Every structure is written in structure tokens, then in C-alpha cells.
Amino acid sequence: MGDGIVLERILSGSEKPTNLALALLQEITENFSEMRKIGEGGFGVVYKGVLHSRIVAVKRIIMSEHTINDRLFDREVKSLMKIISHRNVVRFLGFCSNTHREAIKEAGSTELVMAQIRERLLCFEYISNGSLDKHITGDTVLQNT
Ligand SMILES: Nc1ncnc2c1ncn2[C@@H]1O[C@H](COP(=O)(O)OP(=O)(O)OP(=O)(O)O)[C@@H](O)[C@H]1O
């Protein structure tokens, strides 16, 4: 089964959240392009991922000693997997934990060096601005009087 189809099936509720291929998350976010950036939090950058007809949010975690390490990432994934569907909680769709090596040029040098790239990503249902308040309050929009 194609990776995109797996994500579509998770979105439709016929499959549980699972690990997702890095190539799929790169493809649906146009390789984490600036155009697809929808927000930034304390631990990473959130991108809009476009499947055939559906939209998801892909959170690309910035791994550093100041943000999170693998132990915390694994713990976060485990707790997200345990959450049973709830209307006040944004639905978790899957994760990606990929470590690979790439030949890169360091700034100011023509020499290639092998760098270890660690990608840690979380995928959630996409909540558009207009629907976030409804999502949290269950269609009750508070009025200023
Ligand atoms: N599921 C989503 N759908 C749409 N936009 C989202 C979604 N998740 C996050 N965002 C956008 O990305 C921004 C950053 O979200 P993120 O969860 O990284 O940070 P946060 O809410 O500040 O939490 P924290 O940094 O503590 O994890 C949000 O303010 C929102 O604009």
C-alpha cells in the first residue's frame, strides 16, 4: 500500500496512527518549504501537508539540547498514540523518526563532510484558523458584550 494511502486511511479513521515515511512527509510539505509553514512553537516548525484532497499539519521537531532529545520524543509519541479520540484534542495521525547520513558542504568550504541528519516529525489533523475556536468550545463562539 502506498504511503499516501496509509495516511489517508488514518485520516478517515480506518487505520490507527503509525510511523510514516520521511519521503511522504517531505513530498506533502514540498520539502518543508517556507510557503507551507503555518506556525512555529517551542519545539519545532509546523507545515501544511497536502494529500490528494486532504490537509494535515506536520510538526518538524528541532532536535537540540535546548528542545527535545530522542527519549522525550519517544515518550511524546507513546503518549500521543494512547490518546483516544476526543473532540477537544487535535487528532494525532502518525510520526516519523529517521536518521540518515548526507554529504554536505560546510559554510565557506568546498570540502564535503558526512553529516548525520536526524528528522523527528509528528503529524496531526489540520485545524484551520476559523475552526480552532469551534474545535475547542464545541461550536460555542464567545461573544464580547
Ligand atoms: N494541527 C494544527 N493545525 C493547524 N495549525 C497548527 C496545528 N498545530 C500547530 N499549528 C500552528 O503552528 C503553531 C505552533 O504550534 P506548536 O504546537 O508547535 O506550538 P505551541 O502550540 O506553541 O506548543 P509547544 O511549542 O508548547 O509545543 C500554532 O500556533 C498553530 O498556529
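Look up a bit, the structure's there.
This structure is a prediction, so every number in the text was calculated from the model and none was measured.

Caption draft 1: How the structure looks around the layout of surface pockets. The computed volume of the largest pocket comes to approximately 330 Å³. Pro17, Ile83, Ser85, Arg91 and Phe92 are the residues nearest the centre of the largest pocket, which is lined by 16 residues in total. Across the lining of the largest pocket, the residue classes tally to 9 nonpolar, 3 polar and 4 charged. In this structure, the second largest pocket occupies an estimated 280 Å³ of space. As for the second largest pocket, its lining consists of 13 residues, and the residues nearest its centre are Ile38, Val46, Ala57, Tyr126 and Ile127. The set of elements that each furnish at least two residues to the lining of the second largest pocket consists of strand 2 (37–40), strand 4 (55–61), strand 6 (112–125) and helix 4 (129–137).

Caption draft 2: Region of the structure containing the sheet that holds strand 1 (residues 18–19). Read from one edge of the open sheet, 6 strands run 1-5-6-4-3-2, paired in mixed fashion. Looking at which strands have only one partner, the edges of the open sheet turn out to be strand 1 and strand 2. Across 3 bridges, the pairing between strand 2 and strand 3 (residues 44–50) is antiparallel. Along strand 3, the bridge assignment pairs Gly39 with Val46. Packed onto the sheet, helix 1 (residues 3–12) meets strand 1, strand 4, strand 5 (92–105) and strand 6 and runs at close to 150° relative to strand 5. Strands in contact with helix 3 (residues 70–82) are strand 4, strand 5 and strand 6; relative to strand 6, the strand with the most contacts, it is inclined by about 20°.

Caption draft 3: The arrangement of helix 3 in detail. End to end, helix 3 covers 18 Å across 13 residues, agreeing with the expected 18 Å (1.5 Å per residue, within 8%). For helix 3, the complete set of buried residues consists of Phe73, Val77 and Leu80. The buried residues of helix 3 all sit within an arc of 65° when viewed along its axis, so they share a single face. Residues of helix 3 that are exposed and angled more than 90 degrees away from the buried face: Arg71, Lys78 and Lys82. For helix 3, the elements touching its buried residues are strand 4, strand 5 and strand 6.

Parameters and conventions
- Residues numbered from 1 in each chain as written.
- Predicted model: local features only at pLDDT ≥ 70, side-chain atom pairs only at ≥ 80, totals over all residues.
- Heavy atoms only, no water.
- 1 Å grid on protein atoms, 1.4 Å probe; cavity = no way out; pocket = protein on both sides within 12 Å on 5 of 7 lines; lining within 4 Å.
- Points joined across faces, edges and corners; volume = space filled by probe spheres on them.
- Nonpolar A, V, L, I, M, F, W, Y, C, P; charged D, E, K, R; others polar.
- Helix = DSSP H or I, 4+ residues; strand = E, 2+ residues; numbered from the N terminus.
- Pairing = 2+ DSSP bridges.
- Contact = heavy atoms within 4.5 Å.
- Axes fitted to C-alpha atoms, helices over the stretch in contact; angles between N-to-C directions.
- Expected span 1.5 Å × (residues − 1).
- Buried < 20%, exposed > 50% of the residue type's maximum accessible area, 1.4 Å probe, protein only.
- Arc of directions from axis to C-beta.

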